[in-house]
Amino acid sequence: MTDRLKDRVAIVTGGAQSIGAAIADRLAAAGATVVVGDVQETDAHSWHHLDVTSEDSITAIIDDVVSTHGRLDIVVNNAGIMFEKNIIDQDRASWDLMLAVNMTGPMLMSRHAAPHLAAHGVGAIVNISSIEGHCGNPQHVAYSSTKAGVQGMTRATAIDLGPMGIRCNAIAPGWIDTPLNATYVDSHPDRELVIDELAKLHPVGRVGDTSDVGDVAVWLASDESRFVTGQIITVDGGRTLRPTLPPVMGR
Ligand SMILES: NC(=O)c1ccc[n+]([C@@H]2O[C@H](COP(=O)([O-])OP(=O)(O)OC[C@H]3O[C@@H](n4cnc5c(N)ncnc54)[C@H](O)[C@@H]3O)[C@@H](O)[C@H]2O)c1
């Protein structure tokens, strides 16, 4: 427990599990009052129903947090969904849903939170993008588009809100072992083997843990990063540094 975020009030979207839960835990351990906004209920921290596809739901959580806690200093736009579709099969309805959760939700959260984030001169927005915002995977046209979009939104938001004393940064996580990507691993009969092979793609020798993202979120939310804004911080154990070579080359 530290007091880096003492007296600060934070909303973490999608904080009921996985990366969002780790971010909420780490913010709380740094002294912040944390409200988790999620469609899924949780006992951890203070939970408030939030569906980021609904603007009414977004204004409701922000209004409730400010009336209960008197301020709002930190917004972590973490809620996200992922599905796989080749662009040939990419129907309009699922594309719209991906954009609604992964991009429009963060935009509306930031927009409605901004007046409150500006109130004490320490406001910080942390958007959760992905390394798929800088590169792509097969059948990820919608996901990759939203994560690249979040990066553009982060830079433009930083410029718009900087004069109000609000910083906006993004984290681009690499492979973090969570239910979001478990379908890849679980579709193989030998889960341990897949995790071992995945680990070899990472210069640090392992896949990511949710706490790896949580700790960076705390830094971006705190005054320790006070001159950092509009940045995309890649948290991927070095995976995207190294262009892959055919396994037959043995390196
Ligand atoms: N897991 C990874 O390897 C990885 C890598 C890069 C980026 N990310 C990003 O990190 C974020 C969290 O991913 P995760 O792996 O923890 O996912 P997850 O599926 O384990 O958790 C997502 C959370 O978001 C909530 N959620 C979904 N739709 C919502 C909505 N409409 N409104 C409010 N809450 C909603 C879910 O209930 C859940 O609690 C996502 O934005 C994801 O794209 C994950």
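Residues numbered from 1 in each chain as written. Predicted model: local features only at pLDDT ≥ 70, side-chain atom pairs only at ≥ 80, totals over all residues.

Asks: Which parts of the structure should I look at to understand the sheet that holds strand β3 (residues 46–49)?
Replies: In a beta sheet, neighbouring strands are held together by backbone hydrogen bonds and run either parallel or antiparallel to one another. One open sheet accounts for 7 strands, arranged β3-β2-β1-β4-β5-β6-β7; its pairing is parallel. Strands at the two margins of the open sheet, each flanked by one partner only, are β3 and β7 (232–235). Neighbour-to-neighbour, the strand axes of the sheet open up by a mean angle of 20°, direction not taken into account. Examined bridge by bridge, strand β5 (residues 123–128) and strand β6 (residues 166–173) share 6 bridges and lie parallel to one another. In the strand pairing of β6, Val126 is matched with Asn169. (Pairing = 2+ DSSP bridges. Helix = DSSP H or I, 4+ residues; strand = E, 2+ residues; numbered from the N terminus. Axes fitted to C-alpha atoms, helices over the stretch in contact; angles between N-to-C directions.)

Asks: What am I meant to see in the site of the ligand here?
Replies: Taken together, 29 residues sit near the ligand, with Gly14, Ser18, Gly80, Thr178 and Leu180 positioned nearest. Listing elements by their share of the shell around the ligand, those giving two or more residues are α1 (18–29) and α5 (179–186). For the shell around the ligand, the per-class residue count stands at 15 nonpolar, 12 polar and 2 charged. (Near = placed C-beta within 6 Å. Nonpolar A, V, L, I, M, F, W, Y, C, P; charged D, E, K, R; others polar.)

Asks: Explanation requested: the nonpolar core in the structure shown.
Replies: A general tendency of soluble globular proteins is for nonpolar side chains to be buried together. One finds Ala10, Leu27, Ala217 and Ala221 to be the most contacted residues of the largest nonpolar core, which totals 61 residues. Per element, the largest residue contribution to this core is 8 residues, and it comes from helix α3 (residues 92–117). Apart from the residues lying within four places of it in its own chain, the contact partners of Ala217 are Ile23, Arg26, Leu27, Val76, Val126 and Ile171. (Core = buried A, V, L, I, M, F, W, Y, C linked by C-beta atoms within 7 Å. Buried ≥ 20, exposed ≤ 12 C-beta atoms within 10 Å, placed from the backbone. Contact = placed C-beta atoms within 7 Å.)

Asks: Can you help me understand the pairing of strand β2 (residues 33–38) in this one?
Replies: Within a regular beta strand, the side chains point alternately toward one face of the sheet and then the other, so they alternate between its two faces. The buried fraction of β2 is high, at 6 of 6 residues. Burial of β2 is two-sided: the residues Thr33, Val35 and Gly37 facing one way and the residues Val34, Val36 and Asp38 facing the other way are all buried. Looking at chain direction, strand β1 (residues 9–13) and β2 are connected through 5 bridges and run parallel. Following the sheet pairing, Val12 is matched in β2 by Val36. In terms of handedness, the path from β1 via α1 over to β2 forms a crossover that is right-handed. Pairing geometry for β2 and β3, over 4 bridges, is parallel. Each residue of the ladder has a partner; that of Val35, found in β3, is Ser46. (Right-handed = clockwise from strand over helix to strand, strands pointing away.)

Asks: Sorry if this is basic, but what is going on with helix α7 (residues 210–221) here?
Replies: Note: α-helices contain 3.6 residues per turn, so residues at a spacing of three or four share the same orientation. Helix length check: α7 (12 residues) gives 17 Å between terminal C-alpha atoms against 16 Å at 1.5 Å per residue, within 8%. Within α7 the residues assigned to the buried category are Asp212, Val213, Gly214, Val216, Ala217, Val218, Leu220 and Ala221. Looking at the packing, one finds that the buried side of α7 touches β1, α1, β4 (74–77), β5, β6 and β7. (Expected span 1.5 Å × (residues − 1).)

Asks: How should helix α2 (residues 55–69) be read in this particular structure?
Replies: With 15 residues, α2 should cover 21 Å at 1.5 Å per step; its first-to-last C-alpha distance of 21 Å lies within 8% of that length. Taken together, the buried positions of α2 are occupied by Ile58, Ile61, Ile62 and Val65. Each buried residue of α2 lies within a common arc of 95° when the element is viewed along its axis, so the set occupies one face. Summarising the geometry of α2, the exposed residues directed more than 90 degrees from the buried face are Asp56, Ser67 and Thr68. Check the buried side of α2 and you find it contacts β1, β2, β3 and α3. Following α2 by one or two positions, Gly70 has its phi on the positive side, about 85°. (Arc of directions from axis to C-beta.)

Asks: How should I be thinking about the packing of α2 against α3 in this particular structure?
Replies: When two helices pack together, their arrangement is given by the angle between their axes and by how far apart the axes lie. Axis separation between α2 and α3 bottoms out at 10 Å; the angle between their running directions is 25°. The orientation of α2 with respect to α3, classified from their angle, is roughly parallel. Every pair of crossing elements has a handedness; the one defined by α2 and α3 is right-handed. Side by side, α2 and α3 meet where Glu55, Ile58, Thr59, Ile62 and Val66 of the first sit next to Leu108, Met109, His112, Ala113 and His116 of the second. The residue makeup of the contact of α2 with α3, split by class, is 6 nonpolar, 3 polar and 1 charged. (Parallel < 35°, antiparallel > 145°, perpendicular 65-115°, else oblique. Left-handed = near helix turned anticlockwise from the far one by under 90°.)

Asks: I keep staring at unusual backbone geometry and nothing clicks. Help me out?
Replies: Both trends apply: most residues other than glycine have a negative phi, and most peptide bonds are in trans. Residue Asp7 is not a glycine yet carries a positive backbone phi of 75°. Along the chain, Asp7 turns up in the segment before β1. Exposure remark for Asp7: the 14 C-beta atoms within 10 Å place this residue in the partly exposed category. You will see that Gln139, though not glycine, has its phi angle at about 65°, which is positive. The residue Gln139 is located in the loop between β5 and α4 (141–161) in this model. Taking the number of C-beta atoms within 10 Å as the measure of exposure, Gln139 has 16 and is therefore partly exposed.

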